[in-house]
Amino acid sequence: MTIYLLADFGSTYTKLTAIDDVKQDIITTSKAYTTVETNVLDGYNQAYNDLFSGVNKPHIDKVLACSSAKGGVKIVAIGLSPTLTAEAAKRAALGAGTRVLKVYSYGLKPHDIEEIEQLQPDVILLSGGTNGGNEKIF
């Protein structure tokens, strides 16, 4: 059995999840306020202490951490069709843990481009089409 402890240091909460890699199962989760005013480990330690209350504490094999502070990576997803490629782009972005600001399809109009500039995404994800396919939309 391999136990991973996953930690996410967010803007508001520090979230911990213990998982069993062999069973592919979540053992337990907890969260505590992120403590940037003192030391970020204060919130981590509080969440860690709460994590195994009422559960037998297993041996942790590996700790993996990330930060979703400030809402994570901001993405605008653009697809050729709303029900297929735009939806695929949106799901891929959400599956990667990003914050999807807006989804566009059927080509971008001038007001869409202005809106994207105002949204200030970190990434613009384009999805759809094939080589030699519709060249007029994008």
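So, here's what we can say about the structure. Computed from a predicted structure; not experimentally measured. (Residues numbered from 1 in each chain as written. Predicted model: local features only at pLDDT ≥ 70, side-chain atom pairs only at ≥ 80, totals over all residues. Heavy atoms only, no water.)

## Regarding the pairing of strand β1 (residues 3-9)
Here comes step 1: Counting buried positions along β1 yields five of seven residues, so the element is predominantly enclosed.
Here comes step 2: Where β1 lies against strand β2 (residues 13-20), seven bridges are found, and the strand directions are antiparallel. Its bridge partner lying in β2, Asp-8 is registered against Lys-15.
Here comes step 3: Judged from the six bridges that link them, β1 and strand β4 (residues 62-67) form a sheet pairing that is parallel. (Buried < 20%, exposed > 50% of the residue type's maximum accessible area, 1.4 Å probe, protein only. Helix = DSSP H or I, 4+ residues; strand = E, 2+ residues; numbered from the N terminus. Pairing = 2+ DSSP bridges.)

## What to know about the side chain of Asp-20
Here comes step 1: Structurally, Asp-20 is set in strand β2.
Here comes step 2: No salt bridge is formed by the buried Asp-20, whose closest oppositely charged neighbour, Lys-23, lies at an N-O distance of 4.5 Å.
Here comes step 3: Looking at Asp-20, its side chain comes within polar contact range of the main-chain nitrogen of Val-22, at 2.9 Å.
Here comes step 4: There is a polar contact of 3.0 Å between the side chain of Asp-20 and the backbone nitrogen of Lys-23.
Here comes step 5: Not counting chain neighbours up to four residues away, the residues in contact with Asp-20 comprise Met-1, Thr-2, Ile-3, Asp-25 and Ile-27. (Lys, Arg positive; Asp, Glu negative; His and termini not counted. Salt bridge = Lys/Arg side-chain N within 4 Å of Asp/Glu carboxyl O. Polar contact = N/O pair within 3.5 Å; in protein donor to acceptor, adjacent residues only side chain to side chain. Contact = heavy atoms within 4.5 Å.)

## Some points on the nonpolar core
Here comes step 1: One finds Ile-3, Leu-5, Ala-7, Phe-9, Leu-16, Ala-18, Ala-32, Tyr-44, Ala-47, Leu-51, Phe-52 and Ile-60 forming the largest nonpolar core, which totals 12 residues.
Here comes step 2: Where this core is concerned, the elements lending two or more residues are β1, β2 and α1 (40-51).
Here comes step 3: The dominant element in this core, judged by the number of residues it contributes, is β1, at four residues.
Here comes step 4: Excluding its chain neighbours within four sequence positions, the residues that come into contact with Ala-18 are Tyr-4, Leu-5, Asp-25, Ile-26, Ile-27, Thr-28, Leu-51 and Phe-52. (Core = buried A, V, L, I, M, F, W, Y, C linked by side-chain atoms within 4.5 Å.)

## Focus on the sheet that holds β4
Here comes step 1: With mixed pairing, the four strands of this open sheet are ordered in space as β3-β2-β1-β4. Since the sheet does not close on itself, it has two edges, and those belong to β3 (25-33) and β4, each with one partner. The average undirected angle you get between the axes of adjacent strands in this sheet is 15°.
Here comes step 2: The sheet contacts of α1 involve β1, β2, β3 and β4, and relative to β3 the element is tilted by about 135°. (Axes fitted to C-alpha atoms, helices over the stretch in contact; angles between N-to-C directions.)

## Notes on helix α2 (residues 85-95)
Here comes step 1: Buried residues of α2: Thr-85, Ala-86, Ala-89 and Ala-93, and no others. Seen from one end, α2 has its buried residues packed into an arc of 105°, which puts them on one side. The exposed set on the far side of α2, more than 90 degrees from its buried face, consists of Arg-91 and Gly-95.
Here comes step 2: Among the residues trailing α2, Gly-97 stands out with phi positive, at a value near 85°. (Arc of directions from axis to C-beta.)

## Observations concerning the sheet that holds strand β6 (residues 99-105)
Here comes step 1: Read from one edge of the open sheet, three strands run β6-β5-β7, paired in parallel fashion. Each having just a single partner strand, β6 and β7 (123-127) make up the two edges of the open sheet. Each strand of the sheet is rotated relative to its neighbour by a mean of 20°, with strand direction disregarded.
Here comes step 2: Bridge count for strand β5 (residues 74-79) against β7 is five bridges, and the pairing is parallel. The residue bridging Ile-75 from the neighbouring strand is Val-123, located in β7.
Here comes step 3: On top of the sheet, α2 reaches β5, β6 and β7; it is set at about 170° to β6, its chief contact.
Here comes step 4: Packing against the sheet, helix α3 (residues 110-119) makes contact with β5, β6 and β7, and its axis sits at approximately 170° to β6.

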